[in-house]
Amino acid sequence: MPSFHFIRSALLAIVLTLCSVGSAHAEAPQRIISLAPSITEILFAIGVGDRVVGVSTYCDYPEAAKRIERVGTFLQPNVERILAKQPDLVIGVPSPGNRASVERLQELGLHILIVNPERVAEILASIRTIADAVGVPERGAELVAKIQRDVEAVTTRLDGAPKPRVLMLVGRSPFVAVGPGTYQDELITLARGDNLTATAGQAWPTLSLEHIVAQAPEVIIDASMGSEEATDRAAALAFWNDFPTIPAVRDQRIYGYRVYSILQPGPRVAETLQTLARFIHPERFAQ
């Protein structure tokens, strides 16, 4: 957990940043550094990607983000590289790992904005906060409204649908599942699924194969696979076919599907929700 000092500093940074860059459109920051993939994606989604001069190592969406200079990892931002870019604004997320670097940047006088897009409501709030901070509040409002409409379109289509038992895996050696309180768990719930590990007591429970077989999931989303759905589904089925007593295997309701948007919260939340909803309730999306 981030320390009280870090949380207090982060909140102060938000206030200072919004006061300094939100007071006048002409003063909107033109050189922005993103310290997390979700932030980079938000910046591009609200149309200010051309102002981003530095990103973290794993910022790889959209394609244009891959061409921006790296300024360290998500957990270890490189203070020297960040300073060299002379940013008007640095946007990060709260993490014990990056606390020392972020506090150092604050001490050096850089404007720091901390957001925490970990759940759907927080994604929407972060979009608004970032859009305000970079001087395009109207774009943030438009994006939030679109996401809300698209999410509602999916949930409306699923109204009254039964809730099959869903197992989502993010690792296979050992089996690591999506647990309660995670972004993925929230999406499963919105997609009218019953997360098999919702009462596990930890965000990323490790499961035995025997436990999975005994719990009899009706849908398995194997996000430990690669990035091409058709190929991954075949590979996932090849593994799980050895366990025909599992309802998801019997009914061929197994989906090997690993994409950034499923594993990382961000402005593609509605698209991600629809993908999961199609896996869990294909009957509601039949053409």
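(A) Expanded view of the confidence of the model for the protein chain. When pLDDT is averaged along the protein chain, the result is 86; 86% of the residues meet or exceed 70. The low-confidence segment residues 1-26 (pLDDT under 50) makes 38 contacts with residues lying over four places distant or belonging to another chain.

(B) Inspection of the nonpolar core at higher detail. In terms of nonpolar packing, the biggest core is built from 51 residues, with Leu43, Ile46, Ile91, Ile130 and Val134 touching the most fellow members. Elements with a contribution of two residues or more to this core: helix H2 (37-45), strand E3 (89-92), helix H5 (120-133), helix H6 (137-157), strand E5 (165-172), helix H7 (183-190), strand E9 (219-222) and helix H12 (269-280). Once you skip the residues sitting within four places of it in the chain, Val134 turns out to touch Ala28, Pro29, Ile32, Leu43, Ile46, Val48, Arg51 and Leu89. Grouped together as the second largest cluster of nonpolar side chains are 14 residues, Leu169, Leu207, Trp240 and Val249 included.

(C) Molecular detail of the packing of H7 against H12. H12 packs onto H7 with a crossing angle of 60° between their chain directions and a minimal axis gap of 9 Å. In terms of their interaxial angle, H7 and H12 are classed as oblique. As H7 runs across H12, the sense of the crossing is right-handed. Touching Tyr183, Leu187, Ile188 and Leu190 of H7 are Val269, Thr272, Leu273, Leu276 and Ile280, all from H12. Class assignment for the residues of the contact of H7 with H12 results in eight nonpolar, one polar and no charged.

(D) Structural view of the sheet that holds strand E4 (residues 112-114). Strand order in this open sheet of four strands is E2-E1-E3-E4, and the pairing throughout is parallel. The open sheet has two edge strands with one neighbour each: strand E2 (52-54) and E4. Taking each pair of neighbouring strands and ignoring which way they run, the sheet shows an average axis angle of 30°. Where strand E1 (residues 32-34) meets E2, two bridges bridge the pair, whose relative direction is parallel. Opposite Ile33, over in E2, you have Gly54 as the bridge partner. In this fold H2 packs onto E1, E2 and E3, with an angle of close to 140° to the strand it touches most, E1.

(E) Expanded view of the layout of surface pockets. Taken as a whole, the largest pocket encloses approximately 620 Å³ of empty space. If you go around the largest pocket, you meet 20 residues; those closest to its centre are Glu118, Trp204, Leu263, Gln264 and Pro265. Each residue belonging to the lining of the largest pocket can be placed in one class, and the counts come to 13 nonpolar, five polar and two charged.

The rules behind the values
Residues numbered from 1 in each chain as written. Predicted model: local features only at pLDDT ≥ 70, side-chain atom pairs only at ≥ 80, totals over all residues. Heavy atoms only, no water. pLDDT = per-residue confidence, 0-100. Contact = heavy atoms within 4.5 Å. Core = buried A, V, L, I, M, F, W, Y, C linked by side-chain atoms within 4.5 Å. Buried < 20%, exposed > 50% of the residue type's maximum accessible area, 1.4 Å probe, protein only. Helix = DSSP H or I, 4+ residues; strand = E, 2+ residues; numbered from the N terminus. Axes fitted to C-alpha atoms, helices over the stretch in contact; angles between N-to-C directions. Parallel < 35°, antiparallel > 145°, perpendicular 65-115°, else oblique. Left-handed = near helix turned anticlockwise from the far one by under 90°. Nonpolar A, V, L, I, M, F, W, Y, C, P; charged D, E, K, R; others polar. Pairing = 2+ DSSP bridges. 1 Å grid on protein atoms, 1.4 Å probe; cavity = no way out; pocket = protein on both sides within 12 Å on 5 of 7 lines; lining within 4 Å. Points joined across faces, edges and corners; volume = space filled by probe spheres on them.

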